[in-house]
Amino acid sequence: MHRVYVNISIRAFSHFYRTIFPNILGHRSRFEAESGAEYLLLSVIHGLLNGECSPEIRLVGCSVLASPCRDNKMIKPCRSTCEALRKDCMHAFEAIEMAWPYFLDCDRFFAASEEGCFDPLSGMRARQEVALSSLSPEEPSTIIQFIYASNAQMYSLLKRTAAKCSHISHVYSIGRSTEGRDLLVIEFTDNPGHHELLEPEIKLIGNMHGNEVLGRQLLIYLAQYLCSEYTLGNQRIQSIINNTRIHILASMNPDGYEVAASEVEESNDPELSNQEGHLLNGWTSGRANAQNLDLNRNFPDLTSVFYRNRRSRHYRIDHIPIPDSYWFGKVAPETYAVMKWIRSLPFVQSASLHGGELVVSYPFDFSRHPNEEKMLSPTPDEQIFKQLARTYADAHATMSNNDTDRCGASFYRNRGIINGALWYSFAGGMSDFNYLHTNCMEITVELGCDKFPSEAELYPEWKRNKEALLSFLESVHRGVKGVVRDTHGNGIKGATVSVRGIRKDVTTAEDGDYWRLVNPGTHILTATAKGYSKVSKRVYLPHNLNKAGQVDFVLEKLPVEPDIDDHLFPTADSWDRFDPYNQFERHGEPVVTEEGIERQEKPWWWNYFSQSGMSSPNWLLKNGHLPTSDCNTDVISHLRLHPCIFKSFEIT
């Protein structure tokens, strides 16, 4: 936690010179005021909120703890100032799951202007106006702090970003890690929480391997950047968000990150003698999850199923179901959560951000020959996968250049992209699973040779990758899209759309809409559904088309006839068979005490107060209660900040 030591004095209220006890809260002395949870909260609030709403929160809070007096009469702070502060800062408290402090209740402890109140922020505003008047006018810009974020700080940043841009963003959890940490996703779209007809959905995933941390940081920065730039009127960002539904999972393996971060912390300790040993361990420490499972080897191996059946003319290679045998193995809760997520939304494309090299790889990752570790193993969509990989590599600052002395130089002949199995083969990968189980096409982006770069490298890496990330988001608007309807105009869910020459179909979403990534040129598309007619259309996509072409289909209802081959090939019923033995139901069950009461998990910031030796301030919990007795007078830890300096005292 980064703390700024700022003392806020009653002198800030320049036209008042005295304070009076008891204060508004009933504290009878300075000692009692400084021994309460209210004072402790103001001491640590800058760190808790990462500097947001600081010093405003402290100034207003201090105006309650140490209200000025005139003619031996207490002057309350203005209610209008409190209400404005609550409106501007409530989202910051919600982001860390903290209730609005009771002593900042605008109705109870503040006064209207006609009652003779004072504005505790007037002095600060005056100084800001003087400072701003001396600056030359410039365009507003996005400000990002390029430092590493702990898991708690990451959650807080993402929640605060979503609250700040609630009109285009919200956060949701897809599950929990082995050790119970949230797998938190932040979404950006002009209608958060809803799929819109014909709007493509795209996901970005970071930190699948806990010790590969750059992708995690880049996605946190990207979330902040999208929010800020949209608000500032950046037309490119507004166009991306207004026409795309973006899902960002910054950390798929927060447990592994904890291990990796502690390893790096130890390696930087000057008292440790074996520095090289620690750095070497850092290459692998934290890679796996808390069960010691490599998440990128833990997905169902559908690629082997594809290879076994690819010569069968009738075998559908899209939406291959998960074999029941998979569930008898060890399935990580992180893998389970991501699989459910992938199945629940009609994702079109995806990128998984890794570290250790500088290259973009694409499926298949598992070799088509079991004895060949490095063998070109293309999917039916080899050309579009190459184009997706090229989109990121070419927009990256150095990934595709021909410098042979740089990180990733071994891939310079391919200009920074490679088929995954040609690089090295492995089964159970997430990208192959995306492709064979859903419509989604996922690439793997290796961001650099240093898996855990120094903090000084974070800003340069953001500059190297920002354009590549934005270009990748924009690239989902290519190929064709459309709606498959019946003759009554109703969308048909689960219809298949095929492209002649590419043996991989896509299926329609809930309302009948579909997206098919294809390169420019002439294509013949065919749409069909069980119990409906088959319709084909010839489509030409020019090279200069900068958006997806729209191709809609209308299918006529036909009588359903039994097909003797139905049982031989994948069907919707078998695809829907997910976790048939309910192996993971227990992960979603709440913790219940012996009395049958569901136990509320304390938020991460609770330790600030529980270790202070004072009565726990339950009024800070979302479902807590207001204090009903006098303030506790135990001595607070001397490590906190001192937010209010009392100028002088008068006891009445």
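All values derive from a computational prediction rather than experimental measurement.

Caption draft 1: Examining the nonpolar core more closely. Counting residues in each nonpolar core, the largest one holds 106 residues, and the members touching the most others are Phe188, Trp341, Tyr392 and Ile443. With eleven residues, helix α8 (residues 214-232) is the largest single contributor of residues to this core. Here this core spans two domains, since at least three of its residues come from each of domain 2 (139-192 + 204-476) and domain 3 (480-560).

Caption draft 2: Expanded view of the pattern of salt bridges. Enumeration over the complete set of coordinates arrives at 20 salt bridges. With its nearest N and O atoms 3.0 Å apart, the salt bridge here joins Arg390 to Asp394. Taken together, the positions of Arg390 and Asp394, both in helix α14 (residues 382-395) and four residues apart, correspond to about one turn of that helix. Judged by relative accessible area, which is 14%, Arg390 ranks as buried. On the basis of relative accessibility, which here comes to 36%, the residue Asp394 falls in the partly exposed class.

Caption draft 3: Looking closely at the side chain of Ser251. For Ser251, the location among the structural elements is in the loop between β8 (245-249) and α10 (254-267). A relative accessible area of 2% places Ser251 in the buried class. At a separation of 2.8 Å, a polar atom in the side chain of Ser251 contacts the side chain of Asn207. The contacts of Ser251, once residues within four sequence positions are left out, are Met154, Leu183, Gly206, Asn207 and Arg216.

Caption draft 4: Inspection of the sheet that holds strand β10 (residues 357-362) at higher detail. Ordered in space as β5-β6-β8-β7-β9-β12-β10-β11, the eight strands form an open sheet in which the pairing is mixed. The open sheet terminates on both sides in strands that have one partner only, identified here as β5 (169-176) and β11 (417-419). Averaged over neighbouring strand pairs, the angle between their axes works out to 20 degrees when direction is ignored. One ladder, built from five bridges, connects β10 with strand β12 (residues 441-448); its direction is antiparallel. Paired with Val360 across the bridge in β12 is Val445.

Caption draft 5: Looking closely at helix α12 (residues 302-309). Counting buried positions along α12 yields six of eight residues, so the element is predominantly enclosed. When we look at burial in α12, the residues that qualify are Leu302, Thr303, Ser304, Val305, Phe306 and Tyr307. Where the residues of α12 are buried, they touch α16 (430-437). Capping of α12 at its N-terminal end is provided by Asp301; its side-chain oxygen lies 3.4 Å from the backbone amide nitrogen of Thr303.

Caption draft 6: Geometry of the sheet that holds strand β15 (residues 502-507). In space, the four strands of this open sheet follow the order β15-β14-β17-β18, with antiparallel pairing throughout. Edge strands, defined here as strands with exactly one partner in the open sheet, are β15 and β18 (535-541). Averaged over all neighbouring strand pairs, the angle between strand axes comes to 25 degrees, with direction disregarded.

Caption draft 7: Up close: the environment of Ile322. Among the secondary structure elements, Ile322 is positioned in the loop between α12 and α13 (333-344). Residue classification places Ile322 among the buried positions, given a relative accessible area of 4%. Counting along the chain gives 115 residues from Ile322 to His437, while the straight-line C-alpha distance between them is 7.9 Å. Setting aside its immediate chain neighbours within four residues, Ile322 contacts Pro300, Leu302, Trp327, Met339, Phe433, His437 and Phe578.

Caption draft 8: Fine view of the state of the cysteines. Within the structure shown, the criterion is met by four disulfides. Each sulfur in the disulfide pair Cys82 and Cys106 lies 2.1 Å from the other. The disulfide joining Cys82 to Cys106 has a torsion of about -75 degrees about its S-S bond and is therefore left-handed. Note that Cys82 is positioned in helix α4 (residues 79-95) and Cys106 in helix α5 (residues 106-109), a separation of 24 residues in sequence. Cys82 sits in the buried class, given a relative accessible area of 0%. Paired through a disulfide, Cys165 and Cys227 show a sulfur-sulfur distance of 1.9 Å. A torsion of 80 degrees about the S-S bond marks the disulfide between Cys165 and Cys227 as right-handed. In this pair, Cys165 is assigned in the loop between α7 (151-164) and β5 and Cys227 in helix α8, connecting sequence segments 62 residues apart. Given a relative accessible area of 0%, Cys165 falls into the buried group. Exposure remark for Cys227: the relative accessible area of 2% places this residue in the buried category.

Conventions and cut-offs
- Residues numbered from 1 in each chain as written.
- Predicted model: local features only at pLDDT ≥ 70, side-chain atom pairs only at ≥ 80, totals over all residues.
- Heavy atoms only, no water.
- Core = buried A, V, L, I, M, F, W, Y, C linked by side-chain atoms within 4.5 Å.
- Buried < 20%, exposed > 50% of the residue type's maximum accessible area, 1.4 Å probe, protein only.
- Helix = DSSP H or I, 4+ residues; strand = E, 2+ residues; numbered from the N terminus.
- Domains from an automatic or database assignment.
- Salt bridge = Lys/Arg side-chain N within 4 Å of Asp/Glu carboxyl O.
- Polar contact = N/O pair within 3.5 Å; in protein donor to acceptor, adjacent residues only side chain to side chain.
- Contact = heavy atoms within 4.5 Å.
- Pairing = 2+ DSSP bridges.
- Axes fitted to C-alpha atoms, helices over the stretch in contact; angles between N-to-C directions.
- Disulfide = S-S within 2.5 Å.

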